[in-house]
Amino acid sequence: DVKVTQSSRYLVKRTGEKVFLECVQDMDHENMFWYRQDPGLGLRLIYFSYDVKMKEKGDIPEGYSVSREKKERFSLILESASTNQTSMYLCASSPQREIIDTQYFGPGTRLTVL
Amino acid sequence: TQLLEQSPQFLSIQEGENLTVYCNSSSVFSSLQWYRQEPGEGPVLLVTVVTGGEVKKLKRLTFQFGDARKDSSLHITAAQTGDTGLYLCAGPPILDNQGGKLIFGQGTELSVKP
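Analysis parameters
Residues numbered from 1 in each chain as written. Chains lettered and ligands numbered in written order. Predicted model: local features only at pLDDT ≥ 70, side-chain atom pairs only at ≥ 80, totals over all residues. Heavy atoms only, no water. Contact = heavy atoms within 4.5 Å. Buried area = accessible area lost by both parts, 1.4 Å probe. Salt bridge = Lys/Arg side-chain N within 4 Å of Asp/Glu carboxyl O. Polar contact = N/O pair within 3.5 Å; in protein donor to acceptor, adjacent residues only side chain to side chain. Pairing = 2+ DSSP bridges. Helix = DSSP H or I, 4+ residues; strand = E, 2+ residues; numbered from the N terminus. Axes fitted to C-alpha atoms, helices over the stretch in contact; angles between N-to-C directions. Core = buried A, V, L, I, M, F, W, Y, C linked by side-chain atoms within 4.5 Å. Buried < 20%, exposed > 50% of the residue type's maximum accessible area, 1.4 Å probe, protein only. pLDDT = per-residue confidence, 0-100. Disulfide = S-S within 2.5 Å.

A few words now on the interface of chain B and chain A. Each side of the interface is counted separately: chain B has 22 residues, and chain A has 24 residues. Roughly 1800 Å² is buried in total at the junction of chain B and chain A, and carbon and sulfur atoms are behind 55% of that figure. If you look at where chain B meets chain A, you find zero salt bridges. Taken together, chain B and chain A are joined by three residue pairs in polar contact (both at pLDDT 80 or more).

Take a look at the structure:
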């Protein structure tokens with residue numbers, strides 16, 4: 001059974017803190033994605049990766065960075081959290097680099113920045 | 001910029017009613033996917049439509065891809081409370097589809113009341 005897990009379901013941080021969100025998939029997928037989800041805006045792509053150590057900017061990369069040191073793990077980093085980064089963060093994976101396929105999502109991390 | 005516009009954004013109906021959700025774009029998509037997201041969970045794929053004019057049925061859900069592949073609809077017959085959730089359409093960008101990227105619509109929040 002396909003599984004994408006995220007390190008936390010809920011997270012509360014203070015402005016200026018460094019925040020790490022971890023995502024792990026157990027399906028040997030090549031592609032991994034980080035989205036943020038805000039009401040009325042749908043899912044917006046922050047970063048994605050199609051291979052270990054590879055990363056590509058999505059539509060809203062400002063204020064974020066990512067790391068993919070192992071195929072199964074994709075981390076999202078907020079270097080200095082700000083209140084406008086309060087959101088739901090969703091991680092997803094899909095099987096192969098240039099093939100449009102199902103994206104499998106984790107349950108999400110609801111991040112609140114105070 | 002390719003966009004997917006969903007309508008309506010919110011829909012509240014009584015159990016047993018029928019409804020249609022629309023996903024429109026000015027751009028052609030090679031395929032469109034529909035996801036459902038239940039509260040507290042990540043989106044889960046319902047269906048992928050690939051051919052212009054294609055109709056797919058999933059129990060009480062009927063999905064249609066427009067002839068010109070610029071739009072899609074989701075029709076639910078005799079809605080049940082279990083259909084409550086956020087419905088998202090998504091499709092691959094034409095010019096930049098490396099890494100299996102998808103563009104998502106902003107979603108339709110459906111509430112089915114008993």
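For the rest of this paragraph, the subject is the sheet that holds strand β8 (residues 73–78) of chain A. Residue and element names in this part refer to chain A. Pairing in this open sheet of four strands is antiparallel, and the strands run β1-β3-β8-β7 from one edge to the other. Where the open sheet ends on each side, the last strands, each with one partner, are β1 (4–6) and β7 (65–70). Between one strand axis and the next, the sheet turns through 20° on average, direction left out of account. Relative to strand β3 (residues 19–25), β1 is paired through three bridges, and the arrangement is antiparallel. By the bridge assignment, Gln6 is partnered in β3 with Cys23.

Moving on, we come to the nonpolar core. Among the nonpolar cores identified, the biggest contains 22 residues, and Leu4(B), Leu19(B), Trp34(B), Phe63(B), Leu74(B), Ile76(B) and Leu110(B) are the most heavily contacted of them. Going through the elements one at a time, β3 (19–24), β4 (32–37), β5 (44–49), β7 (61–65), β8 (71–76), β9 (85–91) and β11 (108–113) of chain B are the ones with two or more residues in this core. Setting aside residues up to four positions removed in sequence, Leu74(B) forms contacts with Leu19(B), Thr20(B), Val21(B), Trp34(B), Leu61(B), Thr62(B), Phe63(B) and Tyr87(B). Within the second largest apolar cluster, 21 residues are counted, among which are Met27(A), Ile46(A), Phe74(A) and Val113(A).

So, on to the sheet that holds β8(B). Where strands meet in a sheet, backbone hydrogen bonds hold them as pairs that are either parallel or antiparallel. Residue and element names in this part refer to chain B. In spatial order, the strands read β1-β3-β8-β7-β6; together these five strands make up an open sheet with antiparallel pairing. The outermost strands of the open sheet, each flanked by one partner alone, are β1 (5–7) and β6 (55–58). Across the sheet, the mean angle separating the axes of adjacent strands is 15° when strand polarity is ignored. Across four bridges, β6 lies against β7 in antiparallel orientation. The residue bridging Lys56 from the neighbouring strand is Phe63, located in β7.

Now for the pairing of β9(B). Residues and elements named next belong to chain B. Taken across its seven residues, β9 has seven buried, putting it largely inside the fold. Relative to β9, β4 is paired through five bridges, and the arrangement is antiparallel. The residue bridging Arg36 from the neighbouring strand is Tyr87, located in β9. Looking at chain direction, β9 and β11 are connected through three bridges and run antiparallel. By the bridge assignment, Tyr87 is partnered in β11 with Thr108.

Attention now moves to the confidence of the model for chain A. Of the residues in chain A, 99% have a pLDDT of 70 or more, and the chain-wide mean is 94. Here strand β6 (residues 56–57) of chain A is the element of chain A with the lowest mean pLDDT, 93, and β8(A) is the one with the highest, 98.

Next up on the list: the state of the cysteines. With the rule as written, the count across this model stands at two disulfides over all chains. For Cys23(A), the disulfide goes to Cys91(A), at an S-S distance of 1.8 Å. The chirality of the disulfide connecting Cys23(A) with Cys91(A) is left-handed, given an S-S dihedral of about -75°. Of this pair, Cys23(A) sits in strand β3 while Cys91(A) is found in strand β9 (residues 87–94), placing the two residues 68 residues apart along the sequence. Cys91(A) matches Cys23(A) in its accessibility class, with the two residues each being buried. Paired by a disulfide, Cys23(B) and Cys89(B) hold their sulfur atoms 2.0 Å apart.

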